[in-house]
Amino acid sequence: QYSPDSVAGADGEIDPTEVTFPGCSCRSSSCALPECPCLRRGQNYSSLCLRLAEQQEQPFSRPVFECNSLCRCGEACQNRLVQRGLQLRLQVFRTQRKGWGVRALEPIPRGRFVCEYAGEVLGLAEARSRVQAQTAQEPNYIIAVREHLHDGRVMETFVDPTRVGNVGRFLNHSCEPNLFMVPVRVDSMVPKLALFAATDISAGEELSYDYSGRFHNSPGASREHKPLEEENSLRKPCYCGSPSCASFLPWDSSLFSTP
């Protein structure tokens, strides 16, 4: 079932459409720093692109908080981007070795929002149950996003587009990707998993991101542990073809372990 936005999973534990954030009281048509509290919460946009200039020194992405349905600014506010959904022309196509893939049908500048990775938002128990029920031959679309907060807490978001999802489910992994994922929040703490261009992308180029969560193509940003030899039997081979290919797709053993 195609859905441009994430939906509540079958477990009913999390509702991504719930509105819990207060809106800003900005009266201008487009919010600006330092007045807007939404913009003060994290990084922001410039000319339909995520600001990337200052991120060369930081290996991890900072969250983005967009203006929401309770904000007094208008729909033309520059701090409303991901919530508008897909604006680019993309094509799902059949690759030689990786199954389905997605390519751009138009040039995409660095920092531009491309698409969301949308699906069912699940709790940990349901996500773990679904992963453990899969056979080794079945594709695993469930993504686990962990955000490390300043106070040491870790926020986890699990999205499964296997049954309900959007074009993002067809994106392939690459060890040298041209997209990166950033959690973007609009109405609540449940994030939209937004994919942005890490570099200028040409028309016809396949789109990919690093399933391990490496930010802005920085090798040191991945916290994926080195799998044990016996775990390699469960891992899927990587066919990205990049010079730095790790041979296997990223591995997250936490969903395979019992609580």
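- The protein chain is annotated in an unreviewed UniProt entry as SETMR methyltransferase from Tichodroma muraria.
- The UniProt entry for the protein chain carries this comment under Subcellular location (unreviewed entry): "Chromosome".

### Comments concerning the overall build of the protein chain
In step 1: Each helix and strand in the protein chain was counted, giving two helices and 14 strands.
In step 2: Across the 259 residues in the protein chain, those meeting the buried criterion constitute 44%.
In step 3: Carbon and sulfur atoms provide 50% of the accessible area of the protein chain, an area that totals close to 13300 Å².

### Regarding the sheet that holds strand β9 (residues 143-148)
In step 1: Strand order across the open sheet formed by four strands is β1-β8-β10-β9, with mixed pairing between neighbours. Bordering the open sheet on either side are β1 (7-8) and β9, each of which pairs with just one other strand.
In step 2: As paired strands, β9 and strand β10 (residues 154-160) are joined by six bridges and run antiparallel to one another. Looking across to β10, one finds that Glu147 is bridged to Met155.
In step 3: With respect to the sheet, helix α2 (residues 124-133) is in contact with β8 (120-122) and β10, its orientation differing from that of β8 by roughly 110°.

### Examining the side chain of Ser242
In step 1: Along the chain, the position of Ser242 falls in the segment after β14 (206-209).
In step 2: In contact with Ser242, not counting residues within four places along its chain, are Cys175 and Glu176.

### Re the sheet that holds strand β5 (residues 90-94)
The pairing of strands in a sheet happens through backbone hydrogen bonds and is either parallel or antiparallel.
In step 1: The four strands are arranged β5-β6-β14-β11 in an open sheet whose pairing can be described as mixed. Each of the sheet's edge strands pairs with one partner strand only, and the pair in question is β5 and β11 (172-173).
In step 2: Both β5 and strand β6 (residues 100-104) contribute to a ladder of five bridges, which runs antiparallel. Across the sheet, Gln91 pairs through a bridge with Arg103, a residue of β6.

### Focus: the nonpolar core
In step 1: The biggest cluster of nonpolar side chains holds 22 residues, and the ones touching the most others in it are Leu90, Ile108, Val114 and Leu207.
In step 2: Secondary structure elements with two or more residues in this core: β6, β7 (113-116), β9, β12 (179-185), β13 (192-197) and β14.
In step 3: Once residues lying within four places of it in the same chain are set aside, the contact partners of Val114 are Leu86, Leu88, Leu90, Ile108, Leu179, Leu195, Phe196, Ala197 and Leu207.

### Things to note about the pairing of β14
In step 1: Pairing between β6 and β14: two bridges, direction antiparallel. By the bridge assignment, Val102 is partnered in β14 with Leu207.
In step 2: Where β11 meets β14, two bridges bridge the pair, whose relative direction is parallel. Paired with His173 across the two strands is Tyr209, which belongs to β14.

What counts and what doesn't
- Residues numbered from 1 in each chain as written.
- Predicted model: local features only at pLDDT ≥ 70, side-chain atom pairs only at ≥ 80, totals over all residues.
- Heavy atoms only, no water.
- UniProt positions renumbered as here; feature names shortened; annotations may be inferred.
- Helix = DSSP H or I, 4+ residues; strand = E, 2+ residues; numbered from the N terminus.
- Buried < 20%, exposed > 50% of the residue type's maximum accessible area, 1.4 Å probe, protein only.
- Areas by Shrake-Rupley, 256 points an atom, 1.4 Å probe, with all protein chains shown as cover.
- Pairing = 2+ DSSP bridges.
- Contact = heavy atoms within 4.5 Å.
- Axes fitted to C-alpha atoms, helices over the stretch in contact; angles between N-to-C directions.
- Core = buried A, V, L, I, M, F, W, Y, C linked by side-chain atoms within 4.5 Å.

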